[in-house]
Amino acid sequence: MSSSSPNILLVVLDSVRADRASCTGAGPDVTPHLAALASEGVRFSRATAESTWTLPTALSLLTGLTPREHQGEIARRLSPDVPTLAELLREAGYQTFSATNNLWVTARSGLDRGFDSHRFPPQDRRVASSVVVNVLQPLGLMRSAGGKLVGSFRRWLRHTDGPWFALLWLNDAHHPYPCPPEFLQRFQRRPLPRSRLLSLAQRMRRPRNFAVTATVEDLQDVQALCTGATAYVDSLVGEIVAALAPRHVAEKTLLVVVSDHGDMLGEHGLVGHGAPSGIYQPLIHVPLVVRGPGFTGGSVCPALVQHTDVTQTLAEAAGIADRLPATAGQRLSLLKALGGQGRETAICEREKLGARSLARNREDAPGFDFDRFDCHMAAVIADDWKLITCDNGHSELYHLREDPDEAHDVLSAHPEQAAALRMRLDAFRTRCHPHAAADDLSDAEEEILDRRLQDLGYL
C-alpha cells in the first residue's frame with residue numbers, strides 16, 4: 001500500500017434493477033442521487049451479474065472468483081482457505097468496516113472475514129416476529145435497517161483516518177419492498193389502503209405463487225412498490241455521499257455503487273429472483289457507477305463488465321491485485337474497460353433447485369411451471385447477442401439491441417450465433433474449475449438454510 005492509496009467504499013444495492021435507475025431512463029425522480037453520482041463519475045451501462053441471487057454474486061464480488069470456482073451457491077458458504085478482498089486489504093494496512101442487513105453477507109457465509117468492524121442490525125439476526133414481518137415492515141412503521149447501517153458508517157468514519165475499506169450492503173429494496181411511508185405510495189397510481197399493502201407483502205413472500213395468481217393490477221402495484229423501494233435506497237446513497245463531504249474525504253475515496261442482481265416483475269410470467277426466476281435481463285443487468293481517481297467526467301462506458309471486474313479494480317487501486325485468488329475466468333480493471341478494453345463475453349450461471357426445495361416449492365405454488373427451471377441455467381452475452389442455455393436441452397437466443405425486452409426468441413433464425421455463443425460457454429467451463437480450497441465443500445441443503453431462503457422468497 002502506498003501513501004497515495006485511496007479509501008475504498010463499496011455500496012451494494014440489493015435487488016435493484018438497472019432499468020429502475022434514473023440515469024438509465026427510469027425517470028428523474030427515482031434515483032436522483034445515483035444520477036448525480038454518475039454525472040461526476042462513470043456509469044457502466046452493460047454491467048452483468050455473475051448469478052441471479054445474493055450469495056453467489058456476493059462471494060464473487062468479495063473474492064474475484066466466478067461462482068463455478070468458489071462453489072458458494074452449492075455450499076452456501078465460502079471456503080475458509082479462500083481469502084476475501086477485506087482480508088487482503090486489512091493485511092495491506094487498510095482499516096475495514098462492513099454493515100449489512102442481508103443474512104447472506106455475514107459470518108454465516110464467511111463474508112464477515114477481514115472486517116475490523118462488522119455491523120448487522122439486531123432485528124435481522126434471526127427470523128423476525130410475525131408482527132414485524134407481516135405488519136410493521138409492510139406499512140413502513142419500523143425504522144429502516146438501511147438507515148441504521150448508514151448511521152453506523154457515518155459514526156465509524158468520524159473516527160477513522162484511513163486509508164480504509166468500507167462495505168455497505170443495503171437490502172431495503174428486496175421484495176416485498178418495505179420502505180418508509182413517504183416512499184411506499186410515491187409511485188402508486190392511487191393511494192393503497194393498509195389492507196392492500198399487507199396483502200401484497202404477504203403474497204410477495206411467495207413469489208412463485210404470486211407469479212401465477214397476480215392480476216394486472218397486482219403487478220402494477222408491486223412494480224410501483226419496487227420503484228418506491230429503489231427510490232428509498234437511492235436516498236440512502238445520498239446520505240452516504242454526504243457523509244464523505246466533511247474533512248475532504250470524497251476526493252480521496254474510490255466509490256463504487258452496484259447491485260448484486262435485479263428482480264422479475266411479471267416479465268415472462270416471473271416474479272422475484274433466485275432459481276425459478278429465469279436468467280433474463282431484469283435479473284442480471286445491474287446498475288454500476290464508479291466515482292473517484294480515474295473515474296470522473298460523467299461519461300457512460302458501454303463496455304461489457306461483471307462483478308469480478310469491480311473486485312479487480314478495487315484491488316488494483318490498493319496495490320494488492322496480485323494477492324487475489326487466481327481465476328481462470330476473465331477479470332479486468334474497469335479502467336481498461338473505460339479505455340475500450342472491455343470483456344468480449346459475459347457469463348452468468350445459476351444452479352438448479354435441490355430436490356427438497358423443489359418439492360416444497362411445487363407444494364407452495366402448484367400452478368407454477370417448475371419443470372422449465374429444474375435445470376442448471378447459463379446466460380452468455382457477446383456483442384449484442386444473448387444465449388440462454390439449460391442442461392435439460394432448452395435454449396433461447398435474443399438480440400439485445402433490437403429486442404431489449406427479450407420478447408422474441410430468434411434461435412431458429414440464427415443457429416450460427418447460438419453455436420458461437422455455446423463455444424464460448426464451453427471454453428469457459430473447460431478452463432474454470434472449483435478452486436482447490438472449494439473442492440471438499442459439501443452441498444449445504446440443510447433445513448435451516450432452506451428455511452431462511454424460503455423466508456426471503458428465493459425458493
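Heads up: the structure comes first, above all this text.
Residues numbered from 1 in each chain as written. Predicted model: local features only at pLDDT ≥ 70, side-chain atom pairs only at ≥ 80, totals over all residues. Heavy atoms only, no water.

A. Representation of the sheet that holds strand E2 (residues 42-48). Sheet architecture is open: 8 strands sit in the order E4-E3-E5-E1-E6-E9-E2-E10, paired in mixed fashion. What marks the edges here is a single partner per strand, and that holds for strand E4 (117-119) and strand E10 (299-306). Within this sheet the neighbouring strands show an average axis-to-axis angle of 15°, counted without direction. As paired elements, strand E3 (residues 95-100) and strand E5 (residues 164-170) share 6 bridges and run parallel to each other. Directly across from serine 98, in E5, lies its bridge partner leucine 167. Packed onto the sheet, helix H7 (residues 145-158) meets strand E1 (7-13), E3, E4 and E5 and runs at close to 170° relative to E5. (Pairing = 2+ DSSP bridges. Helix = DSSP H or I, 4+ residues; strand = E, 2+ residues; numbered from the N terminus. Axes fitted to C-alpha atoms, helices over the stretch in contact; angles between N-to-C directions. Contact = heavy atoms within 4.5 Å.)

B. Layout of the environment of methionine 377. Within the secondary structure, methionine 377 is located in strand E12 (residues 377-382). Since its relative accessible area comes to 4%, methionine 377 is described here as buried. In this structure, the C-alpha to C-alpha distance between methionine 377 and tryptophan 156, residues 221 residues apart in sequence, is 41 Å. Every residue in contact with methionine 377, bar those within four places of it in the chain, is listed here: Gly278, Ile279, Cys348, Glu349, Arg350, Arg372, Ile388, Thr389 and Cys390. (Buried < 20%, exposed > 50% of the residue type's maximum accessible area, 1.4 Å probe, protein only.)

C. Fine view of the packing of aromatic side chains. In this structure the tally under the stated criterion is 12 aromatic pairs. Between phenylalanine 97 and tryptophan 156, the aromatic rings sit 4.9 Å apart at their centres with planes inclined by 25°, giving stacked as the arrangement. Taken as a pair, phenylalanine 97 in strand E3 and tryptophan 156 in helix H7 lie far apart in primary sequence, 59 residues in all. Accessibility assignment for this pair places phenylalanine 97 and tryptophan 156 in one class, buried. Ring plane angle 20° and centroid distance 5.9 Å describe the contact between phenylalanine 368 and phenylalanine 373, whose orientation is recorded as stacked. For the pair shown, phenylalanine 368 and phenylalanine 373 are each scored as buried. A network of ring pairs unites the aromatic residues Phe97, Phe153, Trp156 and Trp164 as a single cluster. (Phe/Tyr/Trp six-rings, centres within 6.5 Å; stacked < 30°, edge-to-face > 60°.)

D. Looking closely at the packing of helix H2 (residues 54-61) against helix H13 (residues 307-318). Between H2 and H13, the shortest axis-to-axis distance is 8 Å and the interhelical angle comes to 30°. By the criterion of interaxial angle, the relationship of H2 to H13 is roughly parallel. You can see that H2 and H13 cross each other, and the crossing is right-handed. When H2 is examined against H13, the residues Thr57, Ser60 and Leu61 are found in contact with a partner set consisting of His307, Thr308, Val310 and Thr311. (Parallel < 35°, antiparallel > 145°, perpendicular 65-115°, else oblique. Left-handed = near helix turned anticlockwise from the far one by under 90°.)

E. Structural view of helix H16 (residues 415-431). Counted at 1.5 Å a residue, the expected span for H16 with its 17 residues is 24 Å, and the 25 Å between its end C-alpha atoms agrees. Here H16 has its buried residues at Ala418, Leu421, Leu425 and Phe428. Angularly, the buried residues of H16 cover 85° about the axis, an arc narrow enough to put them on a single face. Along H16, the residues that are exposed and aim more than 90 degrees away from the buried face are Met423 and Thr430. Next to the buried residues of H16 lie helix H3 (67-70), strand E11 (346-350), E12, strand E13 (385-390) and strand E14 (395-399). (Expected span 1.5 Å × (residues − 1). Arc of directions from axis to C-beta.)

F. Representation of the environment of glutamine 281 in the model. Mapped onto the elements, glutamine 281 comes out in helix H12 (residues 281-284). On a C-alpha basis, the gap between glutamine 281 and aspartate 405 in space is 7.7 Å, while along the polypeptide they are 124 residues apart. Not counting residues within four places of it along the chain, the set of residues in contact with glutamine 281 comprises Ile381, Lys386, Leu400 and Glu406.

G. The arrangement of the pairing of E13 in detail. Across the 6 residues of E13, 6 count as buried, placing the element largely inside the fold. A two-sided burial pattern is seen for E13, the buried positions comprising Trp385, Leu387 and Thr389 on one face and Lys386, Ile388 and Cys390 on the other. Bridge count between E12 and E13: 6 bridges; the pairing is antiparallel. Bridge pairing in E13 places isoleucine 381 opposite lysine 386. Bridge analysis of E13 against E14 gives 5 bridges, and the strand direction is antiparallel.

H. Structural detail: the sheet that holds E12. Spatial ordering of the open sheet is given by E11-E12-E13-E14, a layout of 4 strands whose pairing is antiparallel. Looking at which strands have only one partner, the edges of the open sheet turn out to be E11 and E14. Taken pair by pair, the neighbouring strands of this sheet meet at an average axis angle of 10°, ignoring direction. When E11 meets E12, the two strands line up antiparallel, connected through 5 bridges. Its bridge partner lying in E12, glutamate 349 is registered against alanine 378.

I. Structural detail: the pattern of salt bridges. As enumerated under the stated definition, the model contains 21 salt bridges in all. Linking aspartate 218 and arginine 203 is a salt bridge whose minimum nitrogen-to-oxygen distance equals 3.1 Å. With aspartate 218 in helix H11 (residues 216-243) and arginine 203 in helix H9 (residues 194-204), this residue pair connects regions lying 15 residues apart in the sequence. Since its relative accessible area comes to 24%, arginine 203 is described here as partly exposed. Linking aspartate 364 and arginine 206 is a salt bridge whose minimum nitrogen-to-oxygen distance equals 2.8 Å. With aspartate 364 in helix H15 (residues 355-364) and arginine 206 in the loop between H9 and helix H10 (207-213), the pair connects residues that are 158 residues apart, well separated along the chain. Using a relative accessible area of 23% as the deciding quantity, one classes aspartate 364 as partly exposed. The partly exposed category is assigned to arginine 206, whose relative accessible area is 35%. Three or more residues joined by partner-sharing salt bridges are found here, namely Arg189, Arg190, Arg196, Arg203, Glu217, Asp218 and Asp221. (Salt bridge = Lys/Arg side-chain N within 4 Å of Asp/Glu carboxyl O.)

J. Layout of the layout of surface pockets. Size it by volume and the second largest pocket reaches roughly 480 Å³. In terms of lining residues, the second largest pocket is bounded by 22 residues, among which Gln281, His285, Leu400, Pro404 and Asp405 are the most central. Broken down by element, the residue count for the lining of the second largest pocket peaks at 3 residues, all from E2. Residues that form the lining of the second largest pocket fall into these classes: 7 nonpolar, 6 polar and 9 charged. (1 Å grid on protein atoms, 1.4 Å probe; cavity = no way out; pocket = protein on both sides within 12 Å on 5 of 7 lines; lining within 4 Å. Points joined across faces, edges and corners; volume = space filled by probe spheres on them. Nonpolar A, V, L, I, M, F, W, Y, C, P; charged D, E, K, R; others polar.)

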